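Spelled out, the chains give:
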Amino acid sequence: MNENELMGSMKVSKAVAKMAIPSVISSLVTVVYNMADTFFVGQTGDPLQVAAVSLTNPIFILLMAFANMFGMGGSAVASMAMGEKNEKRVKNTSAFVTYASLIVGILFALILIFFMKPILYTFGANSQTYEMAKGYTFHVSYGAPFIIWSAATSFIVRAEGASSEAMIGSMIGTVVNIVLDPVFISGLGMGAAGAAIATTIGNILASIYYLWYFMKKSKSFSVSPKYFKCGEQVLSRVCSIGFPTAIFSALMSVSTIVLNQILVVRKCTGGGDWNCIQGKYVYYLPSNGTCQRRAAADGVQFWGRQSETFYGSGLFYEKMLSGRWNPGDGIIFLFSRTNYPPVH
């Protein structure tokens, strides 16, 4: 049974069980990816370098806001089109997500490059951290199109049932980042700027992998410019469905900026104090990965009218998985938080 048949005919509970694990691993990999730069920069022993990396977190979160909007919205629209056997709509959706991500990424890059100083000071930089944060932000800025597209594409690929391929794409970026971080940061003495270069290279390679997947392996999607269009409700559907997720990410960015400003006022570095908070996000990711898989399976089956009981069975199974994971997550969190070292 191929992936499309799996998504279209198998019970939602079984489809989620088969494809949730790669999604959960992909979500966990994302956490490692987000923490890698801070970890390796922290090995330099320079708190200002760590602060510089931490101060740019709102930039990544904003990039992820658009990636989530295009990715979540595109995944839902594509899965519905698959259920309706509307092959053209599926290709229109994947092409829209591709070129919309690249266009927004280029706009982000230009804004960051030309308005870098006021942006970084708004995010909490000061005279001590500005130059380091500037170097990090510059190298991230030209990687913005690849960061947005690779993240959004992982959702789109899952809509086709290719959870393993989505996981591989996420792992490529993370592994490359982890391997190159010590080389650029310590080996070449580039500090925070080296971490940004490693991050950008990782996302470029992940994007190349997804491009290969679309061109050589995918049976449903296309990135051909001829399928790119904003009409026929492609733009409106993708953005309206993904907008709530984008707002959530944007509010996280705002909260991060406020927290950084508070840390600056309290004469903290803005680095370690914030990073000790970030670890909590790992605890909801198993359920998050399960929900991503269920969303794609629900869309295909509901719009394909394959199962009248798709919702109940999927919801029951999701509750079962979440119920097993979340109590364990809570116990681990309560235990681990008592072992955090004091932050001064």
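Structure shown above.
Residues numbered from 1 in each chain as written. Predicted model: local features only at pLDDT ≥ 70, side-chain atom pairs only at ≥ 80, totals over all residues. Heavy atoms only, no water.

Student: Would you take a moment to explain the side chain of Thr-137 for this structure?
Tutor: Along the polypeptide, Thr-137 turns up in helix α7 (residues 130-141). What Thr-137 contacts, discounting residues up to four positions off in sequence, is Thr-56, Ile-59, Leu-112, Met-116 and Leu-120. (Helix = DSSP H or I, 4+ residues; strand = E, 2+ residues; numbered from the N terminus. Contact = heavy atoms within 4.5 Å.)

Student: Please clarify how the environment of Pro-47 should be interpreted in this entry.
Tutor: Looking at the element boundaries, Pro-47 is found in helix α3 (residues 47-55). Once the C-alpha coordinates of Pro-47 and Thr-129 are considered, the two residues, 82 residues apart in sequence, prove to be 9.6 Å apart.

Student: What should I look at first to understand unusual backbone geometry in this one?
Tutor: Most peptide bonds are trans, and most residues other than glycine sit at a negative phi. For Lys-85, which is not a glycine, the phi torsion comes out positive at approximately 60°. Within the secondary structure, Lys-85 sits in the loop between α4 (57-83) and α5 (87-114). Judged by its relative accessible area of 65%, Lys-85 is exposed. (Buried < 20%, exposed > 50% of the residue type's maximum accessible area, 1.4 Å probe, protein only.)

Student: Looking at this model, I keep getting lost on the nonpolar core. Mind explaining?
Tutor: Nonpolar side chains tend toward joint burial in soluble globular proteins. Ranked by internal contacts, the top residues of the largest apolar core, which has 60 residues, are Leu-63, Phe-70, Phe-96, Tyr-136, Phe-214 and Phe-221. Sort the elements by how many residues they give to this core and α4 lands first, with 12 residues. Setting aside its immediate chain neighbours within four residues, Phe-214 contacts Trp-149, Thr-153, Ile-156, Val-157, Phe-221 and Val-223. (Core = buried A, V, L, I, M, F, W, Y, C linked by side-chain atoms within 4.5 Å.)

Student: It is not clear to me how the side chain of Ser-94 should be interpreted in this structure. Could you clarify?
Tutor: Relative to the helices and strands, Ser-94 resides in helix α5. Looking at Ser-94, its side chain comes within polar contact range of the main-chain oxygen of Lys-91, at 3.1 Å. Non-local contacts of Ser-94, meaning those with residues more than four positions away in its chain, are made with Ile-156, Phe-221 and Ser-222. (Polar contact = N/O pair within 3.5 Å; in protein donor to acceptor, adjacent residues only side chain to side chain.)

Student: It is not clear to me how the pattern of salt bridges should be interpreted in this structure. Could you clarify?
Tutor: It is possible for side chains of opposite charge to pair when their charged atoms get near one another. This model, assessed by the stated rule, comprises 1 salt bridge. Two residues, Lys-217 and Glu-165, come together in a salt bridge whose shortest N-O distance is 2.8 Å. Linking Lys-217 in helix α10 (residues 191-217) with Glu-165 in helix α9 (residues 163-187), this pair joins segments that are 52 residues apart in sequence. (Salt bridge = Lys/Arg side-chain N within 4 Å of Asp/Glu carboxyl O.)

Student: Would you mind going over the packing of aromatic side chains with me for this structure?
Tutor: Remark: the centre distance and the inter-plane angle together describe each pair of aromatic rings, the angle taken between the planes. Tallying each qualifying case throughout the model produces 13 aromatic pairs. Taking the centre distance of 5.4 Å and the plane angle of 20° together, the rings of Tyr-121 and Tyr-130 count as stacked. Overall, the relative accessible area of 35% leaves Tyr-121 in the partly exposed class. Taking the relative accessible area as the measure of exposure, Tyr-130 reaches 10% and is therefore buried. (Phe/Tyr/Trp six-rings, centres within 6.5 Å; stacked < 30°, edge-to-face > 60°.)

Student: Explain a nonpolar patch on the surface to me, please; I cannot follow it from the model alone.
Tutor: The grouping of Ile-103, Ile-106, Leu-107, Leu-110, Ile-111, Ile-113, Phe-114, Phe-115, Phe-138 and Tyr-142 at the surface amounts to a nonpolar patch, some 980 Å² of accessible area in total. You can see Leu-107 is positioned in helix α5. (Patch = residues over 30% accessible without salt bridge, like charges linked within 9 Å, V, L, I, M, F, W, Y side chains within 5 Å. Areas by Shrake-Rupley, 256 points an atom, 1.4 Å probe, with all protein chains shown as cover.)

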